[in-house]
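# Structural overview for review
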Amino acid sequence: MTKIDTKSIFYHIFPLGACGCPKHNDFVSAPESRILQITEHLDRIQRLGCNAVLLGPVFESSTHGYDTANYDEVDRRLGSNADLAELSKEIHKRGMALVLDGVFNHVGRNFWAFKDVQNHGVHSAYKDWFSGLKFEGQSPYGDPFQYDCWQGYYELVKLNLYWPEVRAHLFEAVRMWKEVFQVDGLRLDAADALNKEFIKALRGFCGELDADFWLMGELIHGDYREWVNPEMAHASTAYELYKSAWSSFNEHNFFELSYSLNRQFGEGGIYRNLTTQYNFVDNHDLSRIASILKNPKNLEALHLLLFCEPGIPSIYYGSEFALQANKTQNDWELRPAFALEQWCEDENGQALCPSITKFSALRQRLPALQNGEYCTRFSSLGQLAFTRSSLEQVVLIALNNMEESAAIKVPMQNMAGWKFRNALDETKDCFVGTEGWLELKLEPNEGQIWVSSY
């Protein structure tokens, strides 16, 4: 078991896209071992500094993976159970953790139990497996019954997670994933749509399988503490922080980011104790960050922020090459096949790789970036400075989103005379003055990391 904690750095892959799979499953073709392509990237991913791999949906489905047909078999477009077990072995051999996408809120219309309902109607042994199932009227697909779905998408049939047989089926699938694939955790898709009793039961079940088994909920709105606590998930996706980060760079308004960070992690912050919040700058559902940022010169500073803010950082595959793609009705554009040579040859290719590698190494080396308390030190429209403080050290992060250089005076109370060294250029030192101010000069679109001790 590879434990996931604040030392973890994720690399997120959407296998059905990354491995160049057909967009639709014919359910008759022999499995093709496409998922083993990921093995070819593991050394590169590890050199980038990542020590955990998050795989999007891998189990049998009709199209994009979130319309599950069978929780017990790897999607034939990706390969077989033996192929995923081999990939897991390669991941763990490198000391990396493996997290899979757990899609439990809904299944696809090709899910075997739903097809039994289609075939046997009210006499189906599985009629209680689905939420809101009523044998009256018609579904939008012409079924002689109605059912609940996810957010109006009737191809995604909502499960009845209160029904004991459904829970037993899902939990036994998780047991198999642990035993066969040695998974270290799960991302809970659409966690805010899961009933909380189910998450509590899942947490207890997974804890019995392995005390370090990690659950991370996909949460977009609301108070994450309702789902992230000792009885439920260990972590959540950090959508509030994601939005305030890129928006603050685009609008030259670091007050937004400062407010968000302080509200969540400052003194009295609501998420101050949620140290494993899952941070990202893009993912399989969002436009690539290189397409969102108005000024590509801010990409490096934004990624510096990603590795220095409270929580666990994650890189979405391809974004280390500044890959561009905008979200449309067709999310496959956000989920392309691996094209390493093309990405490297692109004008922006590899531009971010050295920086991400450097930021990863610093995060692993500096305890304050892993567990340190957050404190805003300076904020303006164009500049932001904050510290992460642990028993071992204080790390100061300074950012400039403007096109011109800026000089700022950062208040560092009770630190008069302290020496700080630039972690990105160790030839540079600075000192907190006798009145408690640290003076910094920031170049255009620059991020800096200053460390009090090593």
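Residues numbered from 1 in each chain as written. Predicted model: local features only at pLDDT ≥ 70, side-chain atom pairs only at ≥ 80, totals over all residues. Heavy atoms only, no water.

### What to know about the overall build of the protein
- Looking only at helices and strands, the protein features 13 helices and 19 strands.
- By the compact-globule yardstick of 22 Å for 454 residues, the protein fits well, its C-alpha radius of gyration being 23 Å.
- By its C-alpha atoms, the protein is 80 × 45 × 40 Å across when sized along the principal axes.
- Expressed as a percentage of its 454 residues, the buried residues of the protein come to 58%.
- Of the contacts made within the protein by residues no fewer than 6 positions apart, 69% connect residues no fewer than 24 positions apart. (Helix = DSSP H or I, 4+ residues; strand = E, 2+ residues; numbered from the N terminus. Rg over C-alpha atoms; globule rule 2.2 N^0.38 Å. Buried < 20%, exposed > 50% of the residue type's maximum accessible area, 1.4 Å probe, protein only. Contact = heavy atoms within 4.5 Å.)

### Observations concerning the sheet that holds strand β19 (residues 447–451)
- Pairing is antiparallel in the open sheet, where 6 strands are placed in the order β12-β13-β14-β19-β16-β17. The outermost strands of the open sheet, each flanked by one partner alone, are β12 (373–379) and β17 (429–431). Across the sheet, the axes of successive neighbouring strands diverge by a mean angle of 25 degrees, strand direction being ignored.
- Pairing geometry for strand β16 (residues 419–422) and β19, over 2 bridges, is antiparallel. Residue Arg421 lies in a different strand from β19, and its bridge partner there is Val451. (Pairing = 2+ DSSP bridges. Axes fitted to C-alpha atoms, helices over the stretch in contact; angles between N-to-C directions.)

### Details of the state of the cysteines
- Inspection of every chain in the model, using the stated rule, returns 0 disulfides.
- The closest cysteine sulfur to the non-disulfide-bonded Cys21 is located on Cys19, 5.6 Å from its own sulfur.
- Note on Cys21: relative accessible area 4%, which makes it buried.
- Its sulfur unpaired, Cys430 is 15 Å from the next cysteine sulfur, which belongs to Cys308. (Disulfide = S-S within 2.5 Å.)

### Digging into the packing of helix α5 (residues 164–181) against helix α6 (residues 196–209)
- With their axes 11 Å apart at the nearest point, α5 and α6 run at an angle of 35 degrees to one another. α6 is crossed by α5, and the crossing has right-handed handedness. For the pair α5 and α6, the contacting residues are Arg167, Leu170, Phe171, Val174, Arg175 and Lys178 in the first and Glu197, Phe198, Ala201, Leu202, Phe205, Cys206 and Leu209 in the second.
- Its residues assigned to classes, the contact of α5 with α6 comprises 9 nonpolar, no polar and 4 charged. (Left-handed = near helix turned anticlockwise from the far one by under 90°. Nonpolar A, V, L, I, M, F, W, Y, C, P; charged D, E, K, R; others polar.)

### Quick notes on the sheet that holds strand β8 (residues 214–217)
- Taken in spatial order, the 8 strands make up an open sheet running β9-β8-β7-β3-β2-β1-β11-β10, and their pairing is parallel. The open sheet is flanked by β9 (235–236) and β10 (278–279), the only strands paired with a single partner.
- Bridge analysis of strand β1 (residues 10–13) against strand β11 (residues 312–316) gives 3 bridges, and the strand direction is parallel. Each residue of the ladder has a partner; that of Tyr11, found in β11, is Ile315.

### As for the nonpolar core
- Ile13, Leu55, Leu84, Phe104, Phe130 and Trp177 are the most contacted members of the largest nonpolar core, which has 134 residues in total.
- Filtering out sequence-adjacent residues up to four positions away, Ile13 remains in contact with Ala18, Ile38, Ile45, Val53, Leu54, Leu55, Gly56, Tyr317 and Phe338.
- Listed in part, the 15 residues of the second largest apolar core include Ala385, Phe420, Leu440 and Trp450. (Core = buried A, V, L, I, M, F, W, Y, C linked by side-chain atoms within 4.5 Å.)

### A few points about the pattern of salt bridges
- Counting across every chain of the model gives 28 salt bridges.
- The partner of Arg77 in a salt bridge is Asp75, and the shortest N-O contact between them spans 2.8 Å. Asp75 matches Arg77 in its accessibility class, with the two residues each being buried.
- Connected through salt bridges with shared partners, the residues Asp43, Glu90, Lys93 and Arg94 form a single ionic network. (Salt bridge = Lys/Arg side-chain N within 4 Å of Asp/Glu carboxyl O.)

### Topic: helix α12 (residues 353–365)
- The terminal C-alpha atoms of α12, which comprises 13 residues, lie 18 Å apart, in line with the 18 Å expected from a rise of 1.5 Å per residue.
- Regarding α12, the residues found buried are Cys353, Ser355, Ile356, Phe359, Ser360, Leu362 and Arg363.
- Those residues of α12 hidden inside the fold are in contact with α10 (299–308), β11, α13 (367–371) and β19. (Expected span 1.5 Å × (residues − 1).)

### Thoughts on the side chain of Arg377
- With respect to the element layout, Arg377 can be found in strand β12.
- With near-sequence residues (within four places) excluded, Arg377 lies in contact with Ala385, Phe386, Thr387, Leu396, Val410, Pro411, Met412, Gln413 and Met415.

### As for the pairing of β12
- Pairing analysis gives 6 bridges linking β12 to strand β13 (residues 383–389), with the strands arranged antiparallel. Across the sheet, residue Thr376 finds its bridge partner in β13, namely Phe386.
- Between β12 and the antiparallel strand that follows it, β13, lie 3 residues.

### As for the side chain of His303
- Tracing the chain through its elements places His303 in helix α10.
- For His303, a relative accessible area of 1% corresponds to the buried category.
- Setting aside chain neighbours within four positions, we find His303 in contact with Val281, Ile289, Ile315, Leu352, Ile356 and Phe359.

### Examining the pairing of β19
- With 5 of its 5 residues buried, β19 lies for the most part within the structure.
- Burial along β19 is two-sided: the face carrying Gly447, Ile449 and Val451 and the face carrying Gln448 and Trp450 are both buried.
- When strand β14 (residues 394–400) meets β19, the two strands line up antiparallel, connected through 5 bridges. Residue pairing in the sheet places Val395 in a bridge with Val451 of β19.

### Some words on the environment of Glu240
- As for its placement among the helices and strands, Glu240 is situated in helix α7 (residues 239–250).
- By relative accessible area, which is 24% here, Glu240 ends up partly exposed.
- Spatially, the C-alpha atom of Glu240 lies 16 Å from that of Phe307, the residues being 67 residues apart in sequence.
- Dropping the residues within four chain positions of it, Glu240 is found in contact with Tyr224, Ser260, Arg263 and Gln264.
- Among the polar contacts made by the side chain of Glu240, one reaches the side chain of Ser260 at a distance of 3.4 Å.
- A distance of 2.6 Å separates a polar atom in the side chain of Glu240 from a polar atom in the side chain of Arg263. (Polar contact = N/O pair within 3.5 Å; in protein donor to acceptor, adjacent residues only side chain to side chain.)

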